[in-house]
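Commentary on secondary and tertiary structure
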Amino acid sequence: MQKEKQMENYTLIICEKKDVATKLKDYFERNGNSYTPMKGYYMSDTKNKYEITCITWLAGHILTDYEPEEYDPSWKNWSTGPLPMIPEEFKKKPDPDKGKKFQYDVVMSLIPNAAAIINAGDPDREGQVLVDELLQDQIGKKDIRRMILSGLNDEMIERALKSMKPDSDYRGLYLSGVARSHIDWLLGMNLTRHFTRLWHKGGMTGTVPIGRVKTPTVALVVKREEAIRNFKQENWYTVNAQIVVGGTKATITLDSKDKITDKNKADAIKNAVLGKSFIVKNVESDQKTQGVKELYQLNTLQVDADKYCDIPVSETLKAAESLYLGGYTSYPRTECRYLPESQRKDAPAIAKAINEKISSEIGIIPTGDNITTNVGNSPVFNDKKLGAHHALVPTGKIPDLTKLSETEKQVYLLIVRKYASIFFPPYMAEQIKVRGTIDSYDFTLSYTKPSEIGWKVMYLSYGKTKKKNKEEDSDKQEMAWKPTTGSTYSVVGSQTAKKATRPPKPYTDATLIAAMAGIQSEDESLNTVLKQVKGIGTSATQATIIDQLIKNKLLYKVKKEIHPTDLAMQVTDILPKILTEADYTGQMELALAKLESGEVQSEKPYLDNAVQLINAILKQCTAPLYSREYPCPACGKGYIIYHEYVSKDTGEVHQYARCNNEECRTYWPVENRKPKLVKCPKCGKGWMKEKKNMKTGNIFYGCSEYPECRGTMTEEDFKKAKEEKP
């Protein structure tokens, strides 16, 4: 076993991850120091140009919340324990995971001998809490500083070391993070238990997770599902005609005040305009200038990776983290889309490095006179819009693309293209709308006349993504032509086109994350703060939350589409609006901002508010919850619920399905742990029910309309029969 070094009066740097600690160690070694790797930390052998350092790391959350029963034994039982559960004082303990417990012991053994401590946790609220919660008894005893690492290349590490501030400057950030954690514990523990009890009272099994972020996420999916189910398609007809413009055909469309629902009427117009002339009556134009105003944060990168490269959101996060740990990009779990003004001067060097290494992949980034006009005036450099960390961008360290996985390469090139876009002029085009007539019929033509492709040249290689559809593309013609009033053009073709309104699309992982980030409240006063905090959840947790909701059977997927379960729709229907909307998060963030700024010193009023809400919900929501997937065909009032129990005598698992209507309580067949309903093949009215031949003991199935119908099925035929629902 390696002998541990015994040293004192070192500066202890506590990182959130081992990879970050290793990057710091490597940086110091490149600057003249040497380190000995120990179990759980690196110890410097000599004083470098900074100081003698010991670098250690956490393993994510190495402290975990107390479970309810650790506060009070009576809180252990989910079915009978008292609610609400309100700890007098919130407590944490070392995570029992062997690896995390080991690292906890290492870190805590290093703290006493340290002369100074540097919190090098991830640059956000969570990173502040993870390290600071280990240092609470050191406040006022040791020099504690905060290092904000936005990237892991040498330049960013150097910058972080030179710009460290007292950790006490971030005390409000720590307190707001702790308060957020306590609020989420109260809501999650109490309401999850309560609604799980109601679910079990309805004869169901499993857990019903309720939470500040999970519940409005479910509600987003429920609302979308309801909009799809309630959608009523409208059909109508229009007429398209082709005119010849400079040797090229352009399509003009009938401009009718009322929708034409009679195809014969549309056909008559189609025939009437063919071979006639289109006379231009009016030409409207508007100059469009579109510059790059924002760069990537994690969730916008995930949306684009799904859109352009068909990469799942979870894989995008993994790739972004790998690129960050390689020093090729900045911190990925960011919710900021801007850069500090100080990085404006770094842009030319980064562009030059990109040009030297990967111009064959993305083209050449212009780095001449445009630096002053484009990068020099770019709004992405804005100190006023920075958070704990800045936008997700490439560093000056360029990877060998052949050594990246295909997903890492695609994600990296997206990040590079977005950053490279600020070196180009804005995209400029003239949007033109032409109005005219063919005989007595009004027709219009809308198109774009580009004058400067600008930054969009970075995305030409992607072409039209599969996310677009033909109808959307047909409305976006691009032409260099611009007509004048009074000019005429021959109509060389015409068609009747059937049109229809389309229902909203189900959410996918990427579009649901975008909806979570952009969620708004009907209370306008909350929308400013919701925009500031980027909606509900964080870029780091949104994908995980969706996965948890699927695991807990509140959501489910059909290929990439996300849908709510029946339970999700019930819970959303009975919960108060403040939880199903983003309102609670908005109100909480307004409150936490006061803690963070120091205006308020205690979390107590915010915890009291959470307890009041919990008590109101416990009192208001008392009716059992149950699956409504299988309406009972016998009574038409209840729902068929699957049950199982284990025999105390034999240990055998018995399964049955029964109507939950107390006046009915009809039993139904079970297959694969759920009810199976099969219509009687003889009468088509009744439903097959399990029977047993009293003489042979064999199972068979008979019609529920017996004795009016004597239809039967063998057990083998029933297994083959197709399931139906009333």
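Further up the page is the structure itself.
Residues numbered from 1 in each chain as written. Predicted model: local features only at pLDDT ≥ 70, side-chain atom pairs only at ≥ 80, totals over all residues. Heavy atoms only, no water.

**A look at the overall build of the protein**
Our working definition: Counting from the N terminus, the helices are the DSSP runs of H or I reaching at least four residues and the strands are the DSSP runs of E reaching at least two. Each residue gets one of three labels from its accessible area relative to the maximum for its type: buried under 20%, exposed over 50%, partly exposed in between, using a 1.4 Å probe on protein chains only. A contact between two residues is defined here by any heavy atoms of the two lying within 4.5 Å. Working definition of accessibility: Shrake-Rupley area with a 1.4 Å probe, residue cover restricted to the visible protein chains.
Counting secondary structure elements, the protein contains 22 helices and 26 strands. Expressed as lengths along the three principal axes of its C-alpha atoms, the size of the protein is roughly 90 × 90 × 50 Å. For the protein, with 726 residues in total, the buried portion stands at 48%. Counted over contacts in the protein with a minimum sequence separation of 6, partners at least 24 positions apart contribute 72%. Of the accessible surface of the protein, which amounts to about 36200 Å², a share of 49% is contributed by carbon and sulfur atoms.

**Digging into the packing of aromatic side chains**
We apply this condition: Here is the rule: rings of Phe, Tyr and Trp (six-membered ring for Trp) pair when centre to centre is within 6.5 Å. Planes less than 30 degrees apart are stacked, more than 60 are edge-to-face, and the remainder are tilted.
This model, assessed by the stated rule, comprises 15 aromatic pairs. Centroid distance Phe-90 to Trp-185: 5.7 Å. Interplanar angle 80 degrees. Geometry classified as edge-to-face. On the criterion of sequence distance, the pair formed by Phe-90 in the loop between helix 2 (68–71) and strand 6 (92–94) and Trp-185 in helix 6 (residues 171–201) is long-range, its members being 95 residues apart. Taking the centre distance of 6.0 Å and the plane angle of 65 degrees together, the rings of Tyr-419 and Phe-423 count as edge-to-face. Phe-423 shares its class with Tyr-419; the two are buried.

**A closer look at a nonpolar patch on the surface**
The condition that has to hold: Here the term patch refers to residues with relative accessible area over 30% and no salt bridge, with like charges joined within 9 Å and nonpolar side chains (Val, Leu, Ile, Met, Phe, Trp, Tyr) within 5 Å. Each reported salt bridge corresponds to a side-chain nitrogen of Lys or Arg within 4 Å of a carboxyl oxygen of Asp or Glu.
A surface patch of nonpolar side chains, about 240 Å² in accessible area, is lined by Ile-453, Val-457 and Leu-460. Inspection of the secondary structure puts Leu-460 in the loop between strand 14 (441–452) and helix 14 (470–474).

**Focus: helix 8 (residues 263–273)**
Spelled out, the test is: By definition, the arc is the one covered by directions from the helix axis to the C-beta atoms. Think of a polar contact as two N or O atoms within 3.5 Å of one another; within protein, one of them needs to be a possible hydrogen donor and the other a possible acceptor, and neighboring residues in sequence only count if both atoms come from side chains.
Looking at helix 8, one finds that the buried residues are Ala-266, Asp-267, Ile-269 and Val-273. Taken end-on, helix 8 shows its buried residues confined to a sector of 160 degrees, consistent with a single buried face. Exposed residues lying more than 90 degrees from the buried face of helix 8 are Asn-264 and Asn-271. Taken together, the buried residues of helix 8 touch strand 10 (235–245), strand 11 (248–254), strand 13 (427–438), strand 14 and strand 16 (488–500). Where helix 8 begins, the capping side chain belongs to Asp-262, and its oxygen is found 2.9 Å from the backbone nitrogen of Asn-264. Looking one or two places after helix 8, you find Gly-275, whose phi comes out positive at around 85 degrees.

**A closer look at the sheet that holds strand 25 (residues 699–703)**
Put simply, the test is: Here, any two strands with at least 2 DSSP bridges between them count as paired. Interaxial angles span 0 to 180 degrees and are taken between N-to-C directions of axes, which are lines fitted to C-alpha atoms, for helices over the stretch in contact.
With antiparallel pairing, the 3 strands of this open sheet are ordered in space as 24-25-26. Edge strands, defined here as strands with exactly one partner in the open sheet, are strand 24 (688–692) and strand 26 (712–714). If you compare each strand with its neighbour and ignore which way they point, the axes differ by 35 degrees on average. Both strand 25 and strand 26 contribute to a ladder of 3 bridges, which runs antiparallel. Note that in strand 26 the partner of Gly-702 across the bridge is Thr-712.

**Considerations on the sheet that holds strand 20 (residues 653–659)**
An order of 19-20-21 is seen for the 3 strands of this open sheet, with the pairing classed as antiparallel. Of all strands in the sheet, those with a lone pairing partner are strand 19 (640–646) and strand 21 (667–668), marking the two edges. Taken together, the 2 bridges between strand 20 and strand 21 define a ladder with antiparallel strand orientation. By the bridge assignment, Ala-657 is partnered in strand 21 with Trp-668.

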